[in-house]
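Each chain, written out:
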Amino acid sequence: MMDGELGEDLLTEVLVRLPHKSLARFQCVSTTWRALISGDYLRRRLPLITSGVLFHDGPPRPGKQAYTYACASPSSSAQDGVEDRGGSGVEEADMGFFPCHATSSIIDGCNGLLLYYAAPAAFHVVNPTTRRWAALPAPRQRTLLSVLAFDPCASPHYKVVCFARWLPRGACVEVFDSESGAWRERELDFGIDTDAMSATMHCSGAAIHVLAYSGHVVRIDLAGTGMACAVTALPAPVSYRARAGHCRGRLRYASSDGARLSLWELRDAEGSQSQWALKHELGVRDLVSCDASGTCQSNKTFLFMAFHPEKEVVYLWTPGKLVAFDLEQRRVVGESVFGSDREGAQLIQIWLFPFSRHLASCLA
């Protein structure tokens, strides 16, 4: 049946029910299908894609890598990136299409793309949605830390930032831009001592936000040629549980003392009067079920993972399970299984991002 016989409204209803990987391929059917799939209307109708990197610390198995990539199941009926309560919806992705999968390791990921590395200097960027990949030219210097930056809502192009040498208050880096296909060298000035910088990073738009144990967040601008850094004081100490993220276009910060989770939002980030506002606080009783006597499962552990990009929803990790908690309704609204507690699977990082024409076009 031709797309003209269906009509755009009916065709849209068909497309919105397809798996994201099928949508990426079906852009090639006709100009009408490409226009519909690339349009904002269809994107707003689709649930967010949920994906993450798993670390398995259970018994070693032949051919099992330390880090694996998991994503939303094509058959899931996820709402805003997380299954309804009781649903599984998330499964380990089949990366067999990438020929270097078995000989290299996932070292980073960002909004649907994965960064693979194999010694001594072989980098690949892989798009599991389109099942395509690109080999990067080798950087000139030895790499100490590598970060992938990709915003599928803004551009099909990505950047890879390789930290080659640490300076007392900065670093020498090489940056690969997929648009130019070349590396360029830069020297960063963090504005604070390098020893205070943590490895907890968050990519949004054209910037990397790095948490610092000195109680700051450092914003590294990837859009400008100079890669300027800006330092902002945080409202609470930085620990291994702390995370940064964006919700409704504003930078947010999550801090936890193990018993309570505090969520802050930066107001007037670009102005001279920027300040943090406490948005929400959560305790164990908010996150676990209690019996009739009021006794709660206090042995449950939760680790903050991410903010929903558009709604007052946060994502928390409890062994074997990703939980979505609605901050306005004050209740758990979704659960997804990543691995299993028996396997000892741990979730390192997750991404929640919309299907977009840039995601489908990247490495296509």
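Up top is the structure.
In this report, the structure presented in the accompanying data block is examined. Numbering of residues starts from 1 in each chain and follows the order in which that chain's sequence is written. pLDDT decides what is reported in this predicted model: residues at 70 or higher carry local features, side-chain atom pairs at 80 or more are listed and counted, and totals for whole chains, interfaces and linings draw on all residues regardless. Values reported for side chains reflect all heavy atoms of the structure, with hydrogen atoms and water molecules removed beforehand.

So, about the pairing of strand 23 (residues 331–337). Between any two strands, pairing holds if DSSP finds at least two bridges. Counting from the N terminus, the helices are the DSSP runs of H or I reaching at least four residues and the strands are the DSSP runs of E reaching at least two. Pairing between strand 22 (residues 321–326) and strand 23: six bridges, direction antiparallel. Considered in strand 23, the bridge of Phe 325 is made with Val 332. With antiparallel pairing between neighbouring strands as the criterion, strand 22 and strand 23 make up a hairpin whose turn holds four residues, including Arg 330 at a positive phi of roughly 55°.

Here we come to the pairing of strand 9 (residues 158–167). Under the scheme applied here, a residue whose accessible area is under 20% of the maximum for its type counts as buried, over 50% as exposed, and between as partly exposed, the area being computed with a 1.4 Å probe on protein chains only. By the criterion of burial, strand 9 is predominantly enclosed, with eight of the ten residues buried. Note: strand 8 (residues 145–150) against strand 9, six bridges, orientation antiparallel. Counted as the bridge partner of Val 147 is Val 161 from strand 9. Across eight bridges, strand 9 lies against strand 10 (residues 170–177) in antiparallel orientation. Of the residues in strand 10, the one forming a bridge with Val 161 is Val 175. Between strand 9 and the antiparallel strand that follows it, strand 10, lie two residues.

Turning next to the packing of aromatic side chains. Ring geometry is summarised as follows: Phe, Tyr and Trp rings, the Trp one being its six-membered ring, pair when their centres sit within 6.5 Å, and such pairs are stacked at plane angles under 30 degrees, edge-to-face over 60 and tilted between the two. Enumeration according to the criterion identifies ten aromatic pairs in this entry. Three or more aromatic residues link up through ring pairs in this structure, and these residues are Tyr 117, Phe 123, Tyr 158, Phe 176 and Trp 183.

Here the focus is the pattern of salt bridges. A side chain of one charge can pair with a side chain of the opposite charge if their charged atoms are brought near each other. Salt bridge criterion: a side-chain nitrogen from Lys or Arg within 4 Å of a carboxyl oxygen from Asp or Glu. If you walk through the whole model with that rule in mind, you get nine salt bridges. Salt-bridge contacts for Asp 193 lead to Arg 169; the nearest nitrogen and oxygen are separated by 3.2 Å. Remark: Arg 169 occurs in the loop between strand 9 and strand 10 and Asp 193 occurs in the loop between strand 11 (182–189) and strand 12 (197–204); sequence separation between them is 24 residues. Classification of Asp 193 as partly exposed rests on a relative accessible area of 43%. Relative accessible area serves as the criterion here: at 40%, Arg 169 is assigned to the partly exposed category. Between Glu 265 and Arg 267 there is a salt bridge, and its shortest N-O distance comes to 2.8 Å. Given the relative accessible area of 4%, Glu 265 is considered buried. By relative accessible area, Arg 267 is classed as partly exposed at 30%. One connected set of salt bridges, linked through shared partners, spans Arg 248, Arg 250, Arg 252, Glu 265, Arg 267 and Glu 312.

A few words now on the sheet that holds strand 20 (residues 303–307). Sheet architecture is open: four strands sit in the order 20-21-22-23, paired in antiparallel fashion. Sheet topology places strand 20 and strand 23 at the edges, where each strand pairs with a single neighbour. On average, each strand axis in the sheet is inclined to that of its neighbour by 30°, with strand direction left out of account. Pairing between strand 20 and strand 21 (residues 313–318): four bridges, direction antiparallel. Each residue of the ladder has a partner; that of Ala 306, found in strand 21, is Tyr 315. In this analysis an axis means a line fitted to C-alpha atoms, helices contributing only their contacting stretch, and an angle means the value between N-to-C directions, from 0 to 180 degrees.

Of note, Arg 131 is situated in the loop between strand 6 (122–127) and strand 7 (132–136). Using a relative accessible area of 32% as the deciding quantity, one classes Arg 131 as partly exposed. Once the C-alpha coordinates of Arg 131 and Gly 96 are considered, the two residues, 35 residues apart in sequence, prove to be 9.5 Å apart.

Buried residues of nine kinds, namely Ala, Val, Leu, Ile, Met, Phe, Trp, Tyr and Cys, make up a nonpolar core once their side-chain atoms join them within 4.5 Å. Membership of the largest hydrophobic core comes to 56 residues, with the highest contact counts inside it found for Val 125, Tyr 158, Val 160 and Ile 220. Top element by residues in this core is strand 9. It accounts for five residues. Leave out the neighbours within four places in its chain, and Val 125 touches Leu 113, Leu 114, Leu 115, Arg 132, Trp 133, Ala 134, Leu 136, Leu 148, Tyr 158, Val 160 and Leu 363. Formed by 14 residues, the second largest nonpolar core is a distinct cluster that contains Leu 287, Val 314, Val 323 and Val 332. Residues count as neighbours in contact if any of their non-hydrogen atoms are within 4.5 Å of one another.

What follows deals with the sheet that holds strand 6. Two orientations exist for strands paired in a sheet by backbone hydrogen bonds: parallel and antiparallel. Overall, antiparallel pairing links the four strands, which are arranged 4-5-6-7 in an open sheet. For this open sheet the edge positions go to strand 4 (105–110) and strand 7, each flanked by a neighbour on one side alone. In this sheet, adjacent strand axes meet at a mean angle of 25° when their direction is disregarded. Bridge count for strand 4 against strand 5 (residues 113–118) is five bridges, and the pairing is antiparallel.

Before going further, it helps to examine unusual backbone geometry. A cis amide bond, omega 5°, links Ala 119 with the succeeding residue Pro 120. Along the chain, the position of Pro 120 falls in the loop between strand 5 and strand 6. Although it is not a glycine, Arg 131 sits at a positive phi angle of roughly 60°. Backbone geometry places Arg 248, a non-glycine residue, at a positive phi of 55°. Along the chain, the position of Arg 248 falls in the loop between strand 16 (243–247) and strand 17 (250–256).

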